[in-house]
Amino acid sequence: MSATERQILRLANAAAPAGFKQVAILPRTSSLKFSGLLSSSTHSEVTSLDSVSNADLIVVDKVLVSDGLVTKDGLQGGPLDSFLLSALTALNTGGVLVVREDLSQHANPRVTLPSLTDYVDVFRRDISGKYVGFDFYCAEQLDSSIHLTGNYLDFVWILRKKEFTPPAADAATVTFRDFLDKTQYTNTGIGAYEWMFGKDFISPGGYDENIRVLEQFGGFEYGAKMLDIGSGIGGGVRQAAAVYGLQVTGVDLSANMLSEAIVRIHDEKDSRVNYSICDAVTYDFGENVYDYIFSRDCIQHIPDQDALFKNIYKSLKPGGVVLITMYGKGKGAWTEAFKKYNDQRFYHLQTLDEVKERALKHGFEAVHVENMTERFREILTNERAHLEKEKADFFKNYTQAEFDSLYNGWSAKLKYIEADNHNWNLFRARKPAH
Ligand SMILES: C[S@@+](CC[C@H](N)C(=O)[O-])C[C@H]1O[C@@H](n2cnc3c(N)ncnc32)[C@H](O)[C@@H]1O
């Protein structure tokens, strides 16, 4: 009954709370036995998924790399498809597929990790007249590998079988993660953004601004626990651990973003940091877990703000503090350009008053909201000037089209600010101590 088995089972149970009666483990030689943890279930250790049916839980332990489905040249579409199809066929609807892979010896985890994540996220097939696929719960580092062997690339994917409605024939993307990874947060896009914002950050002002924002918590207790929602490539997470001595969990929906963060922490080996690729709205963080919850410029991406606030409230310890900066909306009538910008990104912008009202509705106290748009204007102006001045350096890695996209994007944001359409807002509140 190892720590790894416990972590896997906690995640699988969170994805499918009804529990597991029929369990299959592949391969027979796996050290994952879950002895004593799945006592009421029928257990089988198998050599192939073809012999499995009506399963509620399938655990596949280090098979994809060893069987050549994931190689140094990338994913092997045909064999990987057959494997995923047999897993879907073997599972009951609502059942969970757990895939564990150690990518530390793999040639290019920076590519393998997001490509495998994105692949399973959108894998859909017709099986016996039903259009089924995987509802992605998370892809997460195994804590015991971090702490026992300094391996930050030992991973588990938790995927729940679900029936879907087929997408429209002209749909460019299938899930919101797919949308983020294919549009705003492509690998090249992330690189160019990082050049603009500063090392390790995908948010205005980079490292120094993030320190200024973190200072607004009003101090930290050394060794306390922080959750960073939408942690991007991990600048804020690593800063909170290194500068303030916090234990920090970073979560992000984008596989491209978080894979970059994970590869960096694997090289750096700071065991105060861990990550999960997941949706902060649906992931079960547990109750009363974190002393601090932090989020930099993420929540404008999230449609169900009530579900998000509920999840934040639940996982904060009594007396814990949440601090969020976000893109917001001002009081000016929206220009056509701003409408288009907002629609293209599927943003859900709120006014300061809306944020405050929501926080009070969910039970927070000491609610503080602040309009930081003037600071945003200053940062954008400086960043655009820096791009102009250092364009020779920018062109070493990026194209004219990428330069234009950033330059014009920053200029457009300055116009949206001028029209009081685009705001940059801060929210801080406390969960009551009793
Ligand atoms: C502008 S970036 C900010 C990254 C980071 N906080 C920083 O300061 O560098 C916003 C991030 O929010 C993430 N995100 C969007 N929706 C999310 C969700 N539902 N759950 C977790 N992360 C999400 C995006 O993938 C993206 O990495």
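Residues numbered from 1 in each chain as written. Predicted model: local features only at pLDDT ≥ 70, side-chain atom pairs only at ≥ 80, totals over all residues. Heavy atoms only, no water.

The name an unreviewed UniProt entry gives the protein chain is phosphoethanolamine N-methyltransferase, with Pristionchus pacificus as the organism.

Describe the side chain of Arg238, and please don't skip the residues or the numbers.
As for its placement among the helices and strands, Arg238 is situated in helix 8 (residues 235-244). For Arg238, a relative accessible area of 9% gives the class buried. When sequence neighbours within four positions are dropped, the list of residues in contact with Arg238 reads Asp200, Ile233, Arg264, Ile265, Glu268, Val273 and Tyr275. (Helix = DSSP H or I, 4+ residues; strand = E, 2+ residues; numbered from the N terminus. Buried < 20%, exposed > 50% of the residue type's maximum accessible area, 1.4 Å probe, protein only. Contact = heavy atoms within 4.5 Å.)

Hey, could you go over helix 9 (residues 255-268) for me, with residue numbers and the actual values?
End to end, helix 9 covers 20 Å across 14 residues, agreeing with the expected 20 Å (1.5 Å per residue, within 8%). Among the 14 residues that make up helix 9, 12 are buried, leaving the element largely enclosed by the rest of the structure. For helix 9, every residue scored as buried is listed here: Ala255, Asn256, Met257, Leu258, Ser259, Glu260, Ala261, Ile262, Val263, Arg264, Ile265 and His266. Residue Ser254 occupies the N-cap position of helix 9, its side-chain oxygen lying 3.4 Å from the main-chain nitrogen of Asn256. Positive phi shows up at Lys269, right after helix 9, with a value of about 60°. (Expected span 1.5 Å × (residues − 1). Polar contact = N/O pair within 3.5 Å; in protein donor to acceptor, adjacent residues only side chain to side chain.)

A description of the nonpolar core should follow, citing residues and the corresponding values.
Here is a general trend for soluble globular proteins: nonpolar side chains tend to be buried in one another's company. With 94 residues, the main nonpolar core has Ile58, Leu97, Phe134, Trp157, Phe217, Met226 and Leu246 as its most contacted residues. Shared between two domains, this core holds at least three residues of each, these being domain 1 (3-166) and domain 2 (178-430). Not counting residues up to four positions away in its chain, the partners in contact with Leu97 are Ile58, Val60, Leu84, Ala87, Leu91, Phe134, Trp157, Ile158 and Leu159. Formed by 47 residues, the second largest nonpolar core is a distinct cluster that contains Val281, Tyr283, Ile324 and Val355. (Core = buried A, V, L, I, M, F, W, Y, C linked by side-chain atoms within 4.5 Å. Domains from an automatic or database assignment.)

Describe the domain arrangement of the protein chain, and please don't skip the residues or the numbers.
Annotation of the protein chain at the domain level lists domain 1 (3-166) and domain 2 (178-430). Computed from C-alpha coordinates alone, the two centres of domain 1 and domain 2 are separated by 30 Å. Listed per partner, the contact involves 26 residues of domain 1 and 22 residues of domain 2. When domain 1 packs against domain 2, close to 1,900 Å² is buried across both sides, 56% of that on carbon and sulfur atoms. The largest contributions to the domain 1 side of the interface with domain 2 come from Arg110, Tyr137 and Tyr152, which together make up 32% of the buried area. (Buried area = accessible area lost by both parts, 1.4 Å probe.)

So what about the packing of helix 6 (residues 187-197) against helix 13 (residues 373-389)? Which residues, and what values?
Direction vectors running N to C along helix 6 and helix 13 enclose 105°, while the axes themselves pass 9 Å from each other. As the angle between them shows, helix 6 and helix 13 are arranged roughly perpendicular. Residues Trp195, Met196 and Phe197 of helix 6 lie in contact with helix 13, whose contacting residues are Glu383, Arg384, His386 and Leu387. A per-class count over the contact of helix 6 with helix 13 returns 4 nonpolar, 1 polar and 2 charged. (Axes fitted to C-alpha atoms, helices over the stretch in contact; angles between N-to-C directions. Parallel < 35°, antiparallel > 145°, perpendicular 65-115°, else oblique. Nonpolar A, V, L, I, M, F, W, Y, C, P; charged D, E, K, R; others polar.)

Hey, could you go over empty space enclosed by the protein for me, with residue numbers and the actual values?
Under the defined criterion, the tally for this structure stands at 1 cavity of 30 Å³ or more. Here the largest cavity defines a volume of roughly 30 Å³. In terms of lining, the largest cavity is formed by Leu64, Leu84, Val99, Leu116, Val120, Trp157 and Leu159. Of all the secondary structure elements, the ones that give two or more residues to the lining of the largest cavity are helix 3 (109-122) and strand 9 (154-163). Here the residues of the lining of the largest cavity are counted per class, giving 7 nonpolar, no polar and no charged. (1 Å grid on protein atoms, 1.4 Å probe; cavity = no way out; pocket = protein on both sides within 12 Å on 5 of 7 lines; lining within 4 Å. Points joined across faces, edges and corners; volume = space filled by probe spheres on them.)

Report on the site of the ligand, specifying residues and quantitative values.
Around the ligand sit 20 residues, and of these Ile202, Ser203, Gly230, Asp252 and Asp279 come closest. Considered on its own, the ligand offers 600 Å² of accessible surface; in the complex 96% of this is hidden by protein. Here the ligand is seated within the largest pocket. Partitioning the shell around the ligand into residue classes produces 10 nonpolar, 6 polar and 4 charged. (Near = heavy atom within 4 Å. Areas by Shrake-Rupley, 256 points an atom, 1.4 Å probe, with all protein chains shown as cover. Sits in = over half its atoms within 2 Å of the grid points.)

Hey, could you go over the pairing of strand 14 (residues 316-329) for me, with residue numbers and the actual values?
Most of strand 14 sits out of view: 10 of its 14 residues are buried. The pairing of strand 13 (residues 290-296) with strand 14 spans 6 bridges and is classified as parallel. Note that in strand 14 the partner of Phe294 across the bridge is Leu323. The handedness of the strand 13 to strand 14 crossover, carried by helix 10 (residues 305-315), is right-handed. In this structure, strand 14 lies alongside strand 16 (residues 422-430), joined through 9 bridges in antiparallel fashion. (Pairing = 2+ DSSP bridges. Right-handed = clockwise from strand over helix to strand, strands pointing away.)

Before we move on, could you go through the state of the cysteines and cite the residues and values that matter?
For the structure shown, the criterion picks out 0 disulfides. Cys278 supplies the cysteine sulfur nearest to Cys138, a cysteine that is in no disulfide, at a spacing of 6.5 Å. Taking relative accessible area as the criterion, Cys138 reaches 0% and is therefore assigned buried. Left unpaired, Cys298 is separated from the closest cysteine sulfur, that of Cys278, by 10 Å. The exposure class assigned to Cys298 is buried, which follows from its relative accessible area of 12%. (Disulfide = S-S within 2.5 Å.)

Quick one: what's the story with the side chain of Ser145, residue by residue and with numbers?
Positionally, Ser145 belongs in helix 4 (residues 143-149). Aside from chain neighbours lying at most four places away, what touches Ser145 is Arg100, Gly150, Asn151 and Asp154.

Outline the packing of aromatic side chains, listing residues and values.
Each aromatic ring pair is described using two quantities: the centre-to-centre distance and the angle formed by the ring planes. This structure, assessed with the given rule, holds 35 aromatic pairs. Their ring planes at 40° and their centres at 6.4 Å tell us that Tyr193 and Trp410 sit as a pair that is tilted. Taken together, the positions of Tyr193 in helix 6 and Trp410 in helix 15 (residues 400-418) put the pair 217 residues apart, joining distant regions of the chain. Take Tyr193: its relative accessible area is 13%, and that puts it in the buried class. Ring centres of Phe309 and Phe427 lie 5.5 Å apart, and the angle between their planes is 40°; on these two criteria the pair is classed as tilted. Taken together, the positions of Phe309 in helix 10 and Phe427 in strand 16 put the pair 118 residues apart, joining distant regions of the chain. Residue Phe309 is classed as buried on the basis of its relative accessible area of 1%. (Phe/Tyr/Trp six-rings, centres within 6.5 Å; stacked < 30°, edge-to-face > 60°.)

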